[in-house]
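Report on the structure
One letter stands for each residue in the lines below.
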Amino acid sequence: MTNDLNNHRLETYKSLVTISVEGFKYSMAINGGAAIAILAYLSNVAGKTTAPDFRFAMAAFLTGVVCCGVSFCGSYLTQLKLFNEAMSNKSATKHSTVLYITLSCYLVSVLAFAVGAWLAVTAFK
């Protein structure tokens, strides 16, 4: 029974890592893709008509890209701290600060997309 429990824990941990990686891909894709879409639109309308002001929307999307990168680095540091704690049998409280900073950066990244999207939509008059 103990072996089954350990296998379940290991598979759950692996799935959590996979889900996290997919979340980073999602955040980078939506923010980076939106920034690229704005640049493509602006290059298409350049010289043809007055382009909407997308500066704040672009800033929001770029903030999302940066926050995603920071949260990815934070996830590495969190995993490294967890590994070191497991190898030294110390308490698991030292990684929590990095974990919360990482989660906050990821949430800011997703919220930055929402703000950027709203700003881009409202830039069209």
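Bringing the packing of helix H1 (residues 2–45) against helix H3 (residues 96–123) into the picture now. In the contact formed by H1 and H3, the axes pass within 10 Å of each other and the chain directions differ by 35°. With respect to the hand of their crossing, H1 and H3 are arranged in left-handed fashion. From H1, Gly-23, Phe-24, Tyr-26, Ser-27, Ile-30, Asn-31 and Ala-34 reach across to H3, where they touch Tyr-106, Ser-109, Val-110, Ala-112 and Phe-113. Along the lines of polarity and charge, the residues of the contact of H1 with H3 split into eight nonpolar, four polar and no charged.

Judged by side-chain polarity, Tyr-76, Leu-77, Leu-80, Phe-83 and Met-87 come together as a nonpolar surface patch covering roughly 540 Å² of accessible area. In this fold, Tyr-76 is placed in helix H2 (residues 55–88). Overall, the relative accessible area of 55% leaves Tyr-76 in the exposed class.

On to the nonpolar core, then. Formed by Ala-34, Ala-35, Ile-38, Phe-54, Ala-57, Met-58, Phe-61, Ala-120 and Ala-123, the largest nonpolar core amounts to nine residues. Sorting the residues of this core by element identifies H1, H2 and H3 as the ones contributing at least two each. Not counting residues up to four positions away in its chain, the partners in contact with Phe-54 are Ile-38, Tyr-41, Leu-42, Ala-120, Ala-123 and Phe-124.

By the secondary structure assignment, Ser-27 is in helix H1. Residue class for Ser-27 comes out buried when judged on its relative accessible area of 0%. There is a polar contact of 2.3 Å between the side chain of Ser-27 and the side chain of Ser-109. If near-sequence neighbours (up to four positions away) are discounted, Ser-27 is found in contact with Gly-64, Cys-68, Tyr-106, Ser-109 and Val-110.

What follows deals with the packing of H1 against H2. Where H1 meets H2, the axes come as close as 9 Å, and the angle between the chain directions of the two elements is 160°. Put simply, H1 runs roughly antiparallel to H2. Considering only the axes of H1 and H2, their crossing is left-handed. In terms of residue class, the contact of H1 with H2 is built from 15 nonpolar, eight polar and no charged.

Turning to the confidence of the model for the protein chain, a few remarks are in order. Summing up the model confidence of the protein chain, the mean pLDDT is 90 and the portion of residues at 70 or higher is 96%. Per-element confidence in the protein chain ranges from a low mean pLDDT of 91 for H1 to a high of 95 for H3.

Calculation notes
- Residues numbered from 1 in each chain as written.
- Predicted model: local features only at pLDDT ≥ 70, side-chain atom pairs only at ≥ 80, totals over all residues.
- Heavy atoms only, no water.
- Axes fitted to C-alpha atoms, helices over the stretch in contact; angles between N-to-C directions.
- Helix = DSSP H or I, 4+ residues; strand = E, 2+ residues; numbered from the N terminus.
- Left-handed = near helix turned anticlockwise from the far one by under 90°.
- Contact = heavy atoms within 4.5 Å.
- Nonpolar A, V, L, I, M, F, W, Y, C, P; charged D, E, K, R; others polar.
- Patch = residues over 30% accessible without salt bridge, like charges linked within 9 Å, V, L, I, M, F, W, Y side chains within 5 Å.
- Areas by Shrake-Rupley, 256 points an atom, 1.4 Å probe, with all protein chains shown as cover.
- Salt bridge = Lys/Arg side-chain N within 4 Å of Asp/Glu carboxyl O.
- Buried < 20%, exposed > 50% of the residue type's maximum accessible area, 1.4 Å probe, protein only.
- Core = buried A, V, L, I, M, F, W, Y, C linked by side-chain atoms within 4.5 Å.
- Polar contact = N/O pair within 3.5 Å; in protein donor to acceptor, adjacent residues only side chain to side chain.
- Parallel < 35°, antiparallel > 145°, perpendicular 65-115°, else oblique.
- pLDDT = per-residue confidence, 0-100.

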